Amino acid sequence: MSALFPTYAKWDVKATKGQGALLTDDQGKEYLDFIAGIAVCNLGHCHPKVNEALKNQVDRLWHVSNLFQLEGQEQVAKQLVEHSVGDYVFFCNSGAEANEAAIKLARKATGKHKMVSLTNSFHGRTLGSMSATGQDKVHQGFGPLLSEFTYAPLNDVEKLQAVITEETAAVFIEVIQGEGGVRLMSQDYADSLSLICKEKNVLLVIDEIQTGIGRTGKRFAYEHYNLSPDIITLAKGLGNGFPVGAMIGKAHLKSYFEAGSHGSTFGGNPLAMAAAGAVINEVFEDDFLLSVVNKGETFIQQLQTSLKDNTLVKEIRGLGLMIGIECHSEVAPFITACREKGLLILPAGPKVIRILPPLIVTNDQLRQATEIITEVMSEQLVTNGL
Ligand SMILES: *Cc1c(COP(=O)(O)O)cnc(C)c1O
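Right, let's walk through the structure included here. (Residues numbered from 1 in each chain as written. Predicted model: local features only at pLDDT ≥ 70, side-chain atom pairs only at ≥ 80, totals over all residues. Heavy atoms only, no water.)

1. A closer look at the side chain of threonine 374
- Mapped onto the elements of the fold, threonine 374 is located in helix 12 (residues 363-383).
- Not counting residues up to four positions away in its chain, the partners in contact with threonine 374 are Ser306 and Leu307. (Helix = DSSP H or I, 4+ residues; strand = E, 2+ residues; numbered from the N terminus. Contact = heavy atoms within 4.5 Å.)

What follows is the structure in structure tokens.
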């Protein structure tokens, strides 16, 4: 009997060791891990540079609080600012906390409290970030929500226009909806989003918690769309598995997060900064990002070619190594079958398979995954009598 609250529907797999894109369980079975801790271990398990940085820090200093000057924070903040359109950074410990900071900053800076986010979005599980999340199943039983959020469907400019009012402080948006089904923003929508936010004097908050840190082949996914967010939120891949979150904001917001206005005991602690610094050094290299673009294109093409005759498949889409296969039927059985054959992948909603390999994956491993997925999908065709 487990003493845990049953908040997660857990699989019957006990992971004991990870190395690169491979995961081993307590039975000695090896898996290709194309979940990567849900877009967290972007550099794969136990990356030597991240491990080394963390080991060095463990023996020097763990925690002193934000009362002190912290060299690691200054460095990582400088790196994030150099590589993004933002100017200042606030560190926290998770994605939800980063979005929570964004909600507070947007309210304070604008003096307004209404927000817009998208249907099917996912922004986290705290009261504020849950309210930003446009999915009923996440809200069930936890109401009343922060009533300030209004939802509009992705890629619908008219609806977006309609829900933004004089009282709107900010638009919260993922450029690719992750949990919502690997749904990409269209370039036209991105262009309009920029214009509308400027025209109506509304802050643009981009949630890069899943799409950031090289996942889509750019440092941040907004770069694909020429967007210039006022606020960017980060977590997942930033620490490669060490818990860390960050909110990056533009210079015009600086004075609203003055001393005493917001905080976090653990936020930006030396261990987290050691991990994040090492991650950024690796991932934000042009050659590394280019390899992600190339591998992503190769993988999508492979999948498209080998699944082109499979009538269960509706669409294969993605950017970099964030890939979705939308199916005509529920994907839960495919995911279980892939796991049995040694490939770990995720659902994103009932009918979308989400594939998030670590960015260090090899072309060989991508090919193996394509073979397993193709095999499983054709067996499922037979099972379904199609
Ligand atoms: C995972 C995720 C979050 C929440 O992050 P936590 O660290 O679980 O709080 C928020 N937004 C997006 C887009 C995510 O994918």
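That covers the picture; the talk isn't over yet.
2. Topic: the pairing of strand 7 (residues 168-173)
- Most of strand 7 sits out of view: six of its six residues are buried.
- With three bridges connecting them, strand 5 (residues 114-118) and strand 7 associate as parallel partners. Bridge assignment links valine 116 to a residue of strand 7, and that residue is valine 171.
- Sheet analysis places strand 7 next to strand 10 (residues 203-207), joined by four bridges and oriented parallel. Along strand 10, the bridge assignment pairs alanine 170 with leucine 203. (Buried < 20%, exposed > 50% of the residue type's maximum accessible area, 1.4 Å probe, protein only. Pairing = 2+ DSSP bridges.)

3. Brief notes about the pattern of salt bridges
- Counting across every chain of the model gives 13 salt bridges.
- A salt bridge links lysine 114 to glutamate 167; the shortest N-O distance between them is 3.8 Å. In this pair, lysine 114 sits in strand 5 while glutamate 167 sits in the loop between helix 7 (157-163) and strand 7, placing the two residues 53 residues apart along the sequence.
- Judged by relative accessible area, which is 44%, glutamate 167 ranks as partly exposed.
- With its nearest N and O atoms 3.0 Å apart, the salt bridge here joins glutamate 375 to lysine 341. Remark: lysine 341 occurs in the loop between helix 11 (332-340) and strand 15 (343-344) and glutamate 375 occurs in helix 12; sequence separation between them is 34 residues. (Salt bridge = Lys/Arg side-chain N within 4 Å of Asp/Glu carboxyl O.)

4. Topic: the packing of aromatic side chains
- One pass over the structure, following the stated rule, counts five aromatic pairs.
- Judged by centre distance (5.9 Å) and plane angle (65 degrees), the ring pair of phenylalanine 90 and phenylalanine 257 falls under edge-to-face. One end of the pair, phenylalanine 90, is in strand 4 (residues 88-92); the other, phenylalanine 257, is in the loop between strand 12 (245-249) and helix 9 (270-283), with 167 residues separating them in the sequence.
- Here phenylalanine 257 falls in the partly exposed class, since its relative accessible area comes to 21%.
- Note on phenylalanine 220 and phenylalanine 284: the rings are 5.6 Å apart at their centroids and 70 degrees apart in plane angle, and the pair reads as edge-to-face. Highlighted residues: phenylalanine 220 in the loop between strand 10 and strand 11 (231-234) and phenylalanine 284 in the loop between helix 9 and helix 10 (286-306), separated in sequence by 64 residues.
- The class of phenylalanine 220 is buried, set by a relative accessible area of 0%.
- Site record: aromatic cluster; members linked through ring pairs are Phe220, Tyr222 and Phe284. (Phe/Tyr/Trp six-rings, centres within 6.5 Å; stacked < 30°, edge-to-face > 60°.)

Read these as geometric descriptors, not functional statements.
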